[in-house]
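Given next are the chains, with one letter for each unit.
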Amino acid sequence: MSSLAVNLRPDQPAVDLVANGKILSTAANRLGELVPTDPSIGVAAIRGLFRENGYVWLKRFLDPDVVNGFRGWVFSHLARGGLIPAGSDPILGLSAGTVLDKGQVDRILMSLVRSVAFEGFCAQPRLAHFMDEFLSGISYLHKRKIMRFTQPNTTTATPAHYDLVYLRGGTNRLVTAWIPIGDTSVDMGGLVYLEGSHAIGVRMEEEFSRKSLDLSAEERVSAFNRNMTEGGWVSKDLPEMAERFDTRWLMADYEAGDVVLHSPYMIHASTTNQSVSNRIRLSTDIRYQNVDDEIDARWGNHWSLGDML
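Residues numbered from 1 in each chain as written. Predicted model: local features only at pLDDT ≥ 70, side-chain atom pairs only at ≥ 80, totals over all residues. Heavy atoms only, no water.

Novice: I would appreciate a short explanation of the packing of aromatic side chains in the present structure.
Specialist: The relation between two aromatic rings is expressed through the spacing of the ring centres and the mutual angle of the planes. In this structure the tally under the stated criterion is eleven aromatic pairs. Relative to Phe118, the ring of Phe70 has its centre 6.1 Å away and its plane inclined at 15°; by these criteria the two rings are stacked. Of the two residues, Phe70 is situated in helix α2 (residues 64–78) and Phe118 in helix α4 (residues 116–122); the sequence distance between them amounts to 48 residues. Relative to Phe121, the ring of Phe70 lies with its centre 4.4 Å away and its plane at 10°, an arrangement referred to as stacked. Here the residue Phe70 occupies a position in helix α2, and Phe121 occupies one in helix α4, the gap between them amounting to 51 residues. (Phe/Tyr/Trp six-rings, centres within 6.5 Å; stacked < 30°, edge-to-face > 60°. Helix = DSSP H or I, 4+ residues; strand = E, 2+ residues; numbered from the N terminus.)

Spelled out as structure tokens, the structure:
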């Protein structure tokens, strides 16, 4: 298997993409690039691309200054836990590289996701109005909104999964918005998507439904039931998945202001943060649906670490 270094931009040092200890192949039939979409093409065209590809990467959809300003606000608070070097510009989000007071950092993070500032960031008027159009009705933003940071030189990476596994208590007509909070180059470990996997996710969900007829209603909606793999993950072996389904992982250099919308069946993962600039990756993932559709009640609470969702 090829494992040549990835280098999307000439000004960016090449790195191997690694996830859960596995190096992603760079063979042309195993690794590719997300296709960006200009938001000006209109909602109808965007909806068509979403149905066809399982995702749409909206370039500079949000104001980059607003996104970077929010990044700075987040890291200015997390600095109290020793996450960034004292005196550094919080917008840069440089890693202090020291042992964190994890308890304090976790408490701060949980405060931030409950803040008016975070609520406002997720409910920016342009995004809210767009989702009303995209969903052909009044959009509902789930209260459980996740914000994650990943330090460089750690092994942290999210295994491959599709989101409906964690939202089975409501409609399947969901849309996830993944928003990189600040420029997120490939080496920082942003999301990667398995090409064409929204169809694979549908088949996996159908198979789960057939196997789960004997489960209680409570167990059926849980990602931790006996018919699922650990934590609801599809796999921790990203290279093997590309081989098994004969497809490619799609990567991207994300910029502040970008928004990626993806289907609840679209399989995605993250790679480890190997930032050559020592920058912390910061992102949020939030879920929308039409307010008239059934809402998973478990997502009516703020995100909490260890909430088993």
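Novice: I'm lost on the pairing of strand β9 (residues 191–194) in this one. Help?
Specialist: Walk down a regular strand and you will see the side chains alternate between the two sheet faces. On β9, burial covers both faces: Leu191 and Tyr193 on one face and Val192 and Leu194 on the other are all buried. Sheet topology note: the β9/strand β12 (residues 268–270) ladder contains three bridges and is antiparallel. If you follow Val192 over to β12, its bridge partner there is Ala269. Pairing of β9 with strand β10 (residues 249–251), which is carried by two bridges, proceeds in the antiparallel orientation. If you follow Tyr193 over to β10, its bridge partner there is Leu250. (Buried < 20%, exposed > 50% of the residue type's maximum accessible area, 1.4 Å probe, protein only. Pairing = 2+ DSSP bridges.)

Novice: Would you take a moment to explain the sheet that holds β12 for this structure?
Specialist: Hydrogen bonds between backbone atoms are what pair the strands of a sheet, whose relative direction is either parallel or antiparallel. Pairing is mixed across the open sheet formed by four strands, whose spatial order is β3-β10-β9-β12. Looking at which strands have only one partner, the edges of the open sheet turn out to be β3 (31–33) and β12. Each strand axis lies, on average, 35° off the axis of its neighbour in the sheet, ignoring direction. (Axes fitted to C-alpha atoms, helices over the stretch in contact; angles between N-to-C directions.)

Novice: Mind showing me how you'd approach the layout of surface pockets here?
Specialist: Where empty space is left can be seen by rolling a probe of water-molecule size over the atoms. Its volume calculated, the largest pocket comes out at about 1100 Å³. Residue lining of the largest pocket: 41 residues in total, with Ile146, Arg148, Thr158, Trp303 and Leu305 positioned closest to the centre. Counting only elements with at least two residues in the lining of the largest pocket, the list comes to α3 (102–112), β7 (146–150), β12 and β13 (281–290). Per-element accounting of the lining of the largest pocket gives the leading share, five residues, to β7. Looking at the lining of the largest pocket residue by residue, the class counts come to 19 nonpolar, 13 polar and nine charged. Taken together, 19 residues line the second largest pocket, and the ones lying closest to its centre are Phe50, Arg51, Arg173, Leu174 and Val175. For the lining of the second largest pocket, the secondary-structure elements that each account for two or more residues are α1 (43–53), β8 (174–180) and α6 (197–211). Grouping the amino acids of the lining of the second largest pocket by side-chain chemistry returns nine nonpolar, six polar and four charged. (1 Å grid on protein atoms, 1.4 Å probe; cavity = no way out; pocket = protein on both sides within 12 Å on 5 of 7 lines; lining within 4 Å. Points joined across faces, edges and corners; volume = space filled by probe spheres on them. Nonpolar A, V, L, I, M, F, W, Y, C, P; charged D, E, K, R; others polar.)

Novice: How do you make sense of α6 when you look at a structure like this?
Specialist: Since the α-helix turns once every 3.6 residues, residues separated by three or four places project in the same direction. Helix length check: α6 (15 residues) gives 21 Å between terminal C-alpha atoms against 21 Å at 1.5 Å per residue, within 8%. Within the sequence span of α6, burial applies to Ser197, His198, Ile200, Gly201, Met204, Glu205 and Phe208. Along the axis of α6, the buried positions cluster into a sector of 150°, meaning they face one direction only. Here the buried face of α6 lies against α1, β9, α7 (217–221) and α8 (238–244). (Expected span 1.5 Å × (residues − 1). Arc of directions from axis to C-beta. Contact = heavy atoms within 4.5 Å.)

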